[in-house]
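Residue-level listing of the chains:
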Amino acid sequence: MSLIETRGLTAFYGDFQALFGIDFAVEDGETVAIIGSNGAGKSTFLKTLSGLIATRAESVVFGGEAIGGMAASRIVGKGLALVPEGRRLFPSLSVEENLVIGGYSKRPGPWTLERIFKLFPILAERRSSPGTALSGGQQQMVAIGRALMSNPRLLLCDEISLGLAPVVIADIYAALPGIKAEGTSVVVVEQDIGQAMKVADRVYCFQEGRVSLSGRPGDLGRAEISAAYFGV
Amino acid sequence: MIGWIDTIIQGLLLGGLYALFAAGLSLTFGIMRLINIGHGDLIVLAGYLGIVATDALGLNPFWSLVFVVPAMAVLGYGLQRVVLNRTLGTDILPPLLVTFGLSIILQNLLMQLFSADSRGLNAGPFETASIALPGGLAVGVFPVLIFVTAIAVIGGLQLVFSRTSLGRAFRAASDDRVTAELMGIDNRHIYGLAMAIALAIVGIAGVYLAIRTSIDPTVGPSRLLYAFEAVIIGGLGSLWGTLAGGMILGLAQSIGFRLDPGWGILTGHMAFLAVLVFRPNGLFPKTRDR
Ligand SMILES: Nc1ncnc2c1ncn2[C@@H]1O[C@H](COP(=O)(O)OP(=O)(O)O)[C@@H](O)[C@H]1O
Ligand SMILES: [Mg+2]
């Protein structure tokens, strides 16, 4: 059984349909990338998995349980955490408080404040600063650490490299092996196809609310990906 | 000269009562951007609960706090979960309309139950006891108690905000309610707790008000106005600012009252308007517009 599986998942903003029957799965221990151009529906998909957007209950099965449309605050306690697009740190909270509040659901597991500081040592030095006073890369580290504090079985990352310099992106992706070593499965949404291909066991390409292509990076040709990505 | 110093002291102490009126309003606005138009009537309701409890117990009115404060907290949680949470969203109008309705319902309910006669609580000689200060000054024990209570309440709230897990959740929900949900924070529950705390403070304010003066079912809206003015003067979302705002309002009223007994309320409103004109965000603003 897959860790998470969606079957014919749809999502709407009011009358506007953003997702049309997404079939998707992540196995235990897998890293999966979702690529696709702006507006393809990648963020909407992650938000739907996290409970921020309503959908039919059976269209999302996580750990054998139908969780579609369940309140976001309950889903995180089941072991599914989202690093949201744009980081969304809490401005009134310090770095340390941002991390601590990630563990609000009190889900047991390996991740503690100390472990996060080992993963991203720079955060230990900045622990008392307001989260929003940090550089973009450091803020992204806080956002990832905050999600890890809920000890997720599945970590969803929405465009964690957006707007960051290549060296900073490398720093952040360097944390991935350590996260996977704890048995956490990871989904990364990336506009950078190269980065996605490098880290993922499998790739899904979204286009206008549908899965236009999926497979193992090695099995997919350039032309095929380009067609699925740009729709040409 | 002594007369003026006395006026200033009385005014600042009166500010403690206004801060107690305002603390709950400041809290619920800060956490969920909810302006509760029924806030003043809830203060009056708490005053009547204090009167009922004191009649039933036959003890000093201060003992009624043991009943009134938890009762108001439970009422606050229920009110938030059952009614007010449904009104919160991107539009600020629904909560205004619903709490305006709540205000009218409360006034009519109190009128039915207690009639239009004014009533009060009698705390005995304590009400008029005073402490002599050097220079022939004297301050009332009860006004000092009110002021100390206000400082304790606001200091306590500040501690909860900065030190506890609940306080972190309050701040996170205030910053960004959607991301707070992603942390496992159930906003509906957190908002319920915020209103419970707000109305617990209203419980204290109502009993103190009924001891200090007499109340009738129509005096709620003017208490709302004082509370609102204290919050705005202090700056939205700042708790210590709310205490300062209450003190400035009390001071302005007290000075006006000394100049001419008819002016007290007016000078308070004028101080409020002056702050609005020169510092539209209040003296100690905390809230970021996002
Ligand atoms: N809050 C919203 N309200 C209405 N439409 C939205 C909202 N957010 C996204 N959309 C629309 O849904 C579609 C998918 O958006 P999104 O999931 O953000 O795409 P991506 O993350 O792949 O760039 C786009 O057409 C976008 O305009
Ligand atoms: Mg996106």
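Residues numbered from 1 in each chain as written. Chains lettered and ligands numbered in written order. Predicted model: local features only at pLDDT ≥ 70, side-chain atom pairs only at ≥ 80, totals over all residues. Heavy atoms only, no water.

1. A closer look at the interface of chain B and chain A
Alright, step 1. If you look at the interface, chain B gives 20 residues, while chain A gives 19 residues.
Alright, step 2. Broken down residue by residue, the surface that chain B buries against chain A is led by B:Arg168, B:Leu182 and B:Met183, which jointly contribute 36%.
Alright, step 3. Where chain B touches chain A, the interface holds two salt bridges.
Alright, step 4. The residue B:Asp176 makes a salt bridge to A:Arg88 at a minimum N-O spacing of 2.9 Å.
Alright, step 5. Taken together, the connections running from chain B to chain A amount to six residue pairs in polar contact (both at pLDDT 80 or more).
Alright, step 6. Only α6 (165-175) and α7 (177-182) of chain B provide two or more residues apiece to the side of chain B that touches chain A.
Alright, step 7. Sorting elements by how many residues they give to the side of chain B that touches chain A places α6(B) first, with six residues.
Alright, step 8. Split by residue class, the side of chain B that touches chain A holds eight nonpolar, four polar and eight charged. (Contact = heavy atoms within 4.5 Å. Buried area = accessible area lost by both parts, 1.4 Å probe. Salt bridge = Lys/Arg side-chain N within 4 Å of Asp/Glu carboxyl O. Polar contact = N/O pair within 3.5 Å; in protein donor to acceptor, adjacent residues only side chain to side chain. Helix = DSSP H or I, 4+ residues; strand = E, 2+ residues; numbered from the N terminus. Nonpolar A, V, L, I, M, F, W, Y, C, P; charged D, E, K, R; others polar.)

2. What to know about the packing of helix α10 (residues 239-259) of chain B against helix α11 (residues 264-278) of chain B
Residues and elements named next belong to chain B.
Alright, step 1. Two elements in contact, α10 and α11, have axes whose closest approach is 7 Å; the angle formed by their N-to-C orientations is 140°. Relative to α11, α10 is oriented oblique. As α10 packs across α11, the resulting crossing turns out to be right-handed. On the side of α10, the interface is formed by Leu 249, Ala 252, Gln 253, Gly 256 and Phe 257, while α11 contributes Gly 264, Ile 265, Thr 267, Gly 268 and Ala 271.
Alright, step 2. For the contact of α10 with α11, the residue count by class is five nonpolar, five polar and no charged. (Axes fitted to C-alpha atoms, helices over the stretch in contact; angles between N-to-C directions. Parallel < 35°, antiparallel > 145°, perpendicular 65-115°, else oblique. Left-handed = near helix turned anticlockwise from the far one by under 90°.)

3. Side note on the coordination of the magnesium ion (ligand 2)
All names here are of chain A.
Alright, step 1. At this site the magnesium ion (ligand 2) is bound by Ser 43 (OG) and Glu 85 (OE), with donor distances of 2.0 to 2.7 Å. In this pair, Ser 43 is assigned in helix α1 (residues 42-50) and Glu 85 in the loop between β6 (80-83) and α3 (95-102), connecting sequence segments 42 residues apart.
Alright, step 2. On the accessibility criterion, Glu 85 (36% relative accessible area) is partly exposed. (Donors = N, O, S within 2.8 Å, 3.2 Å for Na, K, Ca; no water. Buried < 20%, exposed > 50% of the residue type's maximum accessible area, 1.4 Å probe, protein only.)

4. Concerning the packing of helix α5 (residues 141-163) of chain B against helix α8 (residues 187-212) of chain B
Residues and elements named next belong to chain B.
Alright, step 1. Remark: α5 packs on α8, axes separated minimally by 12 Å, with the N-to-C direction vectors making an angle of 175°. One way to sum up the angle between α5 and α8 is to call them roughly antiparallel. Judged by residue contacts, Phe 142, Pro 143, Leu 145, Ile 146, Thr 149, Val 153 and Leu 157 of α5 engage Ile 197, Ile 201, Ile 204, Tyr 208, Ile 211 and Arg 212 from α8.
Alright, step 2. A class-by-class count of the residues in the contact of α5 with α8 yields 11 nonpolar, one polar and one charged.

5. Description of the pattern of salt bridges
Residues and elements named next belong to chain A.
Alright, step 1. Overall, the coordinates contain 11 salt bridges over all chains when judged by the stated rule.
Alright, step 2. Two residues, Glu 96 and Arg 127, come together in a salt bridge whose shortest N-O distance is 2.8 Å. In this pair, Glu 96 sits in helix α3 while Arg 127 sits in the loop between α5 (121-125) and α6 (136-148), placing the two residues 31 residues apart along the sequence.
Alright, step 3. Where Arg 115 meets Glu 182, a salt bridge forms, and the shortest distance between an N and an O atom there is 2.8 Å. Of this pair, Arg 115 sits in helix α4 (residues 113-119) while Glu 182 sits in the loop between α8 (176-180) and β8 (185-190), and the two are 67 residues apart along the sequence.

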